[in-house]
Amino acid sequence: MNFLDPHYQNEFLAKWIYGELTTKELNSFVNSTLYKNLVFSPLSDDDSIKES
């Protein structure tokens, strides 16, 4: 799966939103490096929301 391809991203997100992902597609995404980087990346100080 090429998660970086814009056409595939749109198709993948539409299927995710409407609950149409196959088990294989969901498992491939959850086990991908992209997902792991997204979920496990620490927030930098600039990314955090600061209350005034």
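Residues numbered from 1 in each chain as written. Predicted model: local features only at pLDDT ≥ 70, side-chain atom pairs only at ≥ 80, totals over all residues. Heavy atoms only, no water.

A. Layout of helix α1 (residues 6-17). If you check α1, its first and last C-alpha atoms are 16 Å apart, about what 12 residues at 1.5 Å a residue would give, namely 16 Å. Those residues of α1 that sit buried are Y8, F12 and K15. Buried residues of α1, seen end-on, are gathered within an arc of 65° and therefore sit on one face of the element. Exposed side chains of α1 directed beyond 90 degrees from the buried face belong to P6, H7, N10 and I17. Close packing links the buried residues of α1 with α2 (23-30). (Helix = DSSP H or I, 4+ residues; strand = E, 2+ residues; numbered from the N terminus. Expected span 1.5 Å × (residues − 1). Buried < 20%, exposed > 50% of the residue type's maximum accessible area, 1.4 Å probe, protein only. Arc of directions from axis to C-beta. Contact = heavy atoms within 4.5 Å.)

B. Molecular detail of a nonpolar patch on the surface. A surface patch of nonpolar side chains, amounting to about 510 Å² of accessible area, comprises L13, W16, I17 and Y18. Mapped onto the elements of the fold, W16 is located in helix α1. W16 gets classed as partly exposed once you look at its relative accessible area, which sits at 43%. (Patch = residues over 30% accessible without salt bridge, like charges linked within 9 Å, V, L, I, M, F, W, Y side chains within 5 Å. Areas by Shrake-Rupley, 256 points an atom, 1.4 Å probe, with all protein chains shown as cover. Salt bridge = Lys/Arg side-chain N within 4 Å of Asp/Glu carboxyl O.)

C. Focus on the environment of W16. Placed 10 residues apart in sequence, W16 and L26 show a C-alpha to C-alpha distance of 8.5 Å. If we skip the residues at most four places from it in the chain, W16 touches L21 and F29.

D. Structural detail: the pattern of salt bridges. Going through the model one piece at a time under the given rule, you end up with one salt bridge. Put simply, E25 and K15 hold a salt bridge, and the shortest N to O gap is 2.7 Å. Here E25 is found in helix α2, whereas its partner K15 is found in helix α1, with 10 residues between them in sequence.

E. Geometry of the packing of aromatic side chains. In this structure the tally under the stated criterion is four aromatic pairs. With a centroid separation of 5.1 Å and 55° between ring planes, the pair formed by F12 and F29 is classed as tilted. Of this pair, F12 sits in helix α1 while F29 is found in helix α2, placing the two residues 17 residues apart along the sequence. Linked through ring pairs, F12, W16, F29 and Y35 together constitute an aromatic cluster. (Phe/Tyr/Trp six-rings, centres within 6.5 Å; stacked < 30°, edge-to-face > 60°.)

Scope: geometric values only; no functional claims are made or implied.
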